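Summary of structural features
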Amino acid sequence: MQQWILHSPGQISLETVLKPTPNEGDLLIRVLAATTCGTDLKAYLRGHPQIPMPGGFGHEWCGVVEKAGTGAKYSAGDEVCGVHTAPCFHCRWCLRGQENLCETIMQTKVMGSFATHLLVPKRIADVNVFRLPLGFPPEVGCLIEPLACVMEGYSQLKPDREDEIAIIGPGAIGLLFAVALQKFGHHNVVIYGRTQERLRLAESMGIRSAHTNDLVLGQYDAVIECTGTLDVWQSSLNYVRKGGTVVLFGGLPSGTQAQFDAGLLHYSQIKILSPFHFGSQPVKMAWDLLQSYPDSFMPLISAKVGLQYLPEVLQKLQNRNGIKYALIP
Ligand SMILES: [Zn+2]
Ligand SMILES: [Zn+2]
């Protein structure tokens, strides 16, 4: 089988590796599509604490079961999508309803979806893998992972229907958030950005958009930061009204110091959320949404390209050209 290996930041190669054999409950997947993610680009450019190197590259996937271990939940020929982790359900955090913080969630993650094949272990196959309906576009199935992150954020935010919500950053995560809010009946949502092309894309998806300069101080019940930039982390607090909530979604490198006005935080009673990863319930919510509205998510896929074009795709993403690319082996 062929797999892209990330050796160190900036160093990748497409290699022939041994095809793994599924043990009890595992699934050997023949990849139908694997999408690129902001996390992949971060790992490629500067390394990432959750992405071991050298190692298989890519974590968003959709495929067909080529071989199933004994007692596996799915059988050969089933088309499935899923995420790359699953909680243990018995550690302190899992028992407290914080499965996204599960002690071992990152120890069993599946990496290496930019490949012809991928082994999904039983722990994940049993919980976080779903069968595609007939004819479901595999590149949309891949979106279950980033959408699960968004659903974790949504579940923590628990917005009211009437809430005035600003999303800052019309990249993949911002747009996923906007589509999800729209489908859940939140109509007072605007996505803010600086790139005309991305704002136009948002509009074409039926999402209200505006230039970041049009953000109004103290105006929103919730501000959802989806840029992963220190500037926006710090300025987001200025845009929520008293009692509002800021969701700092785009992770910054560890060691980054962010500054807030302590008076504003306290006397306006602003709540800060910074959701990381996802538990099993948000994964189910993500799959329900994708299954119900595949066409609404399709515009996030900027292009479908062959597996060998990963270097070109990473270059495009670096140039902020396109939202997500689907690699098709
Ligand atoms: Zn991802
Ligand atoms: Zn756990």
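Because the structure is predicted, anything quoted here is derived from the model rather than measured. (Residues numbered from 1 in each chain as written. Chains lettered and ligands numbered in written order. Predicted model: local features only at pLDDT ≥ 70, side-chain atom pairs only at ≥ 80, totals over all residues. Heavy atoms only, no water.)

Description of the coordination of the zinc ion (ligand 2)
On the protein side, the zinc ion (ligand 2) has Cys88 (SG), Cys91 (SG), Cys94 (SG) and Cys102 (SG) as donor atoms, found 2.3 to 2.4 Å from it. Each of the 4 donor atoms around the zinc ion (ligand 2) contributes to a set of angles spanning 105 to 116 degrees, which defines the coordination as tetrahedral. Within one chain, the residues serving as donors to the zinc ion (ligand 2) are arranged as C-x2-C-x2-C-x7-C. Taken together, the residues span a long stretch of sequence, with Cys91 in the loop between strand E6 (79-82) and helix H2 (92-95) and Cys102 in the loop between H2 and strand E7 (117-120) at a distance of 11 residues. (Donors = N, O, S within 2.8 Å, 3.2 Å for Na, K, Ca; no water. Tetrahedral: all angles 85-135°; square planar, octahedral: opposite > 155°, others 65-115°. Helix = DSSP H or I, 4+ residues; strand = E, 2+ residues; numbered from the N terminus.)

What about the domain arrangement of the protein chain?
You can read the domains of the protein chain as domain 1 (2-142 + 293-328) and domain 2 (150-273). For domain 1 versus domain 2, the distance between C-alpha centres works out to 27 Å. Facing 12 residues of domain 1, the contacting portion of domain 2 comprises 15 residues. When domain 1 packs against domain 2, the two sides together hide about 1,200 Å² of surface, and 62% of this comes from carbon and sulfur. When the buried area of domain 1 at its contact with domain 2 is split by residue, Leu300, Arg320 and Ile323 rank highest and sum to 37% of it. Within the residue set of the side of domain 1 that touches domain 2, elements represented by two or more residues are helix H1 (38-46) and helix H11 (294-297). (Domains from an automatic or database assignment. Contact = heavy atoms within 4.5 Å. Buried area = accessible area lost by both parts, 1.4 Å probe.)

Description of the coordination of the zinc ion (ligand 1)
In the first shell of the zinc ion (ligand 1), the protein supplies Cys37 (SG), His59 (NE2), Glu60 (OE) and Glu145 (OE), at 2.2 to 2.4 Å from the metal. Classification of the site at the zinc ion (ligand 1) as irregular follows from its 4 donor atoms and the range of 88 to 158 degrees in their angles at the metal. Donor residues for the zinc ion (ligand 1), ordered by position in the chain, follow C-x21-H-E-x84-E. Here His59 lies in the loop between strand E4 (55-56) and strand E5 (61-68) and Cys37 lies in the loop between strand E3 (27-35) and H1, a separation of 22 residues in the sequence. Both residues of the pair, Cys37 and His59, belong to the buried class. (Buried < 20%, exposed > 50% of the residue type's maximum accessible area, 1.4 Å probe, protein only.)

What about helix H12 (residues 310-318)?
The complete set of buried residues in H12 reads Leu310, Val313, Leu314 and Leu317. Buried residues of H12 fall within an arc of 100 degrees about the axis and therefore sit on the same side. The elements touched by buried residues of H12 are strand E1 (2-8), strand E2 (11-16), H1, strand E15 (301-306) and strand E16 (324-328). Looking one or two places after H12, you find Arg320, whose phi comes out positive at around 55 degrees. (Arc of directions from axis to C-beta.)

Notes on the sheet that holds E2
Remark on secondary structure: sheet strands pair via backbone hydrogen bonds, oriented parallel or antiparallel. Judged by pairing direction, the sheet is antiparallel, and its 3 strands sit side by side in the order E2-E1-E4 without closing on themselves. One side of each edge strand has no neighbouring strand; the edge strands of this open sheet are E2 and E4. Here 2 bridges tie E1 to E4, and the two strands are oriented antiparallel to one another. Counterpart to Ile5 in the pairing with E4 is Gly56. (Pairing = 2+ DSSP bridges.)

Structural notes on unusual backbone geometry
Put simply, Met53 and Pro54 share a cis peptide bond, and its omega is -5 degrees. Inspection of the secondary structure assignment puts Pro54 in the loop between H1 and E4.

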